[in-house]
Amino acid sequence: MQYNDNAQLDSSQMGGGGGGGGGRIAIGGGIGGTILILILSLVFGVDLSGLTGGGSTSADPQAETSRYSQCRTGADVRTNRDCRFVAYTNSIQQYWSTQVKGYETTKTITFTGRISTGCGTADSSVGPFYCPAQGDHKVYLDTGFFDQLQSQFGARGGDAAEAYVIAHEYGHHVSNLLGKMDWAAQDRSTGPNSRGVKIELQADCFAGAWLAHASDDPNSPITQVTQDDVNRALDAAAAVGDDRIQQKSQGQVTPETWTHGSSQQRQQATTTGFQSGPNACLQITQ
Ligand SMILES: [Zn+2]
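Calculation notes
- Residues numbered from 1 in each chain as written.
- Predicted model: local features only at pLDDT ≥ 70, side-chain atom pairs only at ≥ 80, totals over all residues.
- Heavy atoms only, no water.
- Phe/Tyr/Trp six-rings, centres within 6.5 Å; stacked < 30°, edge-to-face > 60°.
- Helix = DSSP H or I, 4+ residues; strand = E, 2+ residues; numbered from the N terminus.
- Buried < 20%, exposed > 50% of the residue type's maximum accessible area, 1.4 Å probe, protein only.
- Donors = N, O, S within 2.8 Å, 3.2 Å for Na, K, Ca; no water.
- Arc of directions from axis to C-beta.
- Contact = heavy atoms within 4.5 Å.
- Pairing = 2+ DSSP bridges.
- Disulfide = S-S within 2.5 Å.

*Asks:* Help me out: how do you make sense of the packing of aromatic side chains in this one?
*Replies:* The geometry of two aromatic rings is summed up by the distance between their centres and the angle between their planes. Per the counting criterion, the structure on display carries seven aromatic pairs. Considering the side-chain rings of Phe85 and Tyr88, the 6.0 Å spacing of their centres and the 80° angle between planes classify their relative orientation as edge-to-face. Separated by three residues within a single helix, Phe85 and Tyr88 lie in helix H4 (residues 83-99), roughly one turn from each other. Judged by relative accessible area, which is 3%, Phe85 ranks as buried. Judged by its relative accessible area of 0%, Tyr88 is buried. Taking the centre distance of 4.8 Å and the plane angle of 65° together, the rings of Tyr95 and Trp96 count as edge-to-face.

Next comes the structure, spelled out in structure tokens:
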């Protein structure tokens, strides 16, 4: 993935964990939020144990926010690798603001340890997620996840793999804005043809659509997406397929419990978005 040295980076689209209110939110009645997260996060099928707990956050919002404050242009990615997260986020949102009428710009919040969100308290073990709750609408991740993507899930990694993960979460934001989240929430069953899996495949598809057009805008911080980049994104999509994760973690595959889709389904959806664009992704949830 090549960056445009002269492109402006907007670090205001990044944030640190915790937020206002002393880092605590009421989660007493949080069942709904928890279930929503169950549908929407877990791109990576990790355990959900971190989601329901209360207590304070150990994240340091200030430190996380200041990680990105020096990211001003694409050239900064060379000297400060944290700036690549700003570049992905900016490019993804730049794309969607041209594709979705009334697109609502949101933020990528990075954290370590635990974080309070509009969907409840989460910890890093949940993996990257999107909170669809009113008043939140943010993408959350512990950037340490990207090491896990390689070490635990066996992905080849690379910037395009990371960008795919973040673009997947923004794909949920787009689906949410289009009302597709509500559609998915009406049926909480699992399995390869469930609404839950379809909403995940739509997010993969939207990620593919962005990847194909990441460098179209002359102001995009990303200037080039190579075939190797595409391969790495598809490799990451396959690495987090439910069948592959189940095979690794429990030695057997049980399709009826799938929540995100198989490696093949996820690669196919990403490819559909890449080749055919966002309209093809909308058909997934018809
Ligand atoms: Zn997802």
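*Asks:* For this particular structure, what's the right way to read the coordination of the zinc ion?
*Replies:* Under perfect tetrahedral coordination by four donors, a metal shows angles of 109.5 degrees; under perfect octahedral coordination by six donors, it shows angles of 90 or 180 degrees. At the metal site, the zinc ion is ligated by His168 (NE2), His172 (NE2) and Glu200 (OE), and these contacts range over 2.0 to 2.1 Å. Summarised as a motif, the one-chain spacing of the donors to the zinc ion is H-x3-H-x27-E. One end of the pair, His168, is in helix H6 (residues 159-177); the other, Glu200, is in helix H8 (residues 195-213), with 32 residues separating them in the sequence. Exposure class is identical for His168 and Glu200. Each is buried.

*Asks:* What is the right way to look at the environment of Pro218 in this model?
*Replies:* For Pro218, the position within the fold is in the loop between H8 and strand E8 (222-224). The exposure class of Pro218 is exposed, given its relative accessible area of 69%. Distance from Pro218 to Ala7, taken between C-alpha atoms, is 8.4 Å for residues 211 residues apart in sequence.

*Asks:* Hey, could you run me through helix H10 (residues 242-250) in this one?
*Replies:* For an α-helix, 3.6 residues make a turn, and residues three or four places apart therefore share a direction. For H10, the set of buried residues is Asp242, Ile245 and Gln246. The buried residues of H10 all sit within an arc of 100° when viewed along its axis, so they share a single face. Those residues of H10 hidden inside the fold are in contact with helix H9 (227-239). Once H10 finishes, Gly251 follows within two positions and takes phi at roughly 75°, a positive value.

*Asks:* Got a minute to help me understand the sheet that holds strand E7 (residues 139-141) in this structure?
*Replies:* Strand pairing in a sheet takes place through backbone hydrogen bonds and is either antiparallel or parallel in direction. Judged by pairing direction, the sheet is mixed, and its four strands sit side by side in the order E2-E3-E7-E6 without closing on themselves. Single-partner strands in this sheet number two, and they are strand E2 (14-16) and strand E6 (129-130). Where strand E3 (residues 108-110) lies against E7, three bridges are found, and the strand directions are parallel. Across the sheet, the residue bridging to Thr110 is Leu141, located in E7.

*Asks:* Even after reading the chapter, I still don't get the state of the cysteines, so can you show me in this structure?
*Replies:* Linking two cysteines covalently through their sulfur atoms gives a disulfide. The tally for this structure, following the rule as stated, stands at three disulfides. There is a disulfide in this structure between Cys71 and Cys83, and the S-S distance comes to 2.0 Å. Here Cys71 and Cys83 share a disulfide; its torsion about the S-S bond, -85°, makes the bridge left-handed. A residue pair is termed long-range when its members are at least 10 positions apart, and Cys71 in the loop between helix H2 (61-66) and helix H3 (76-79) and Cys83 in helix H4 qualify at 12 residues. Residues Cys71 and Cys83 agree in their burial class; the two are buried. The disulfide bridge from Cys205 ends at Cys281, spanning 2.1 Å between sulfur atoms.

Note that every value here comes from positions in space, so none of it alone points to a role or purpose.
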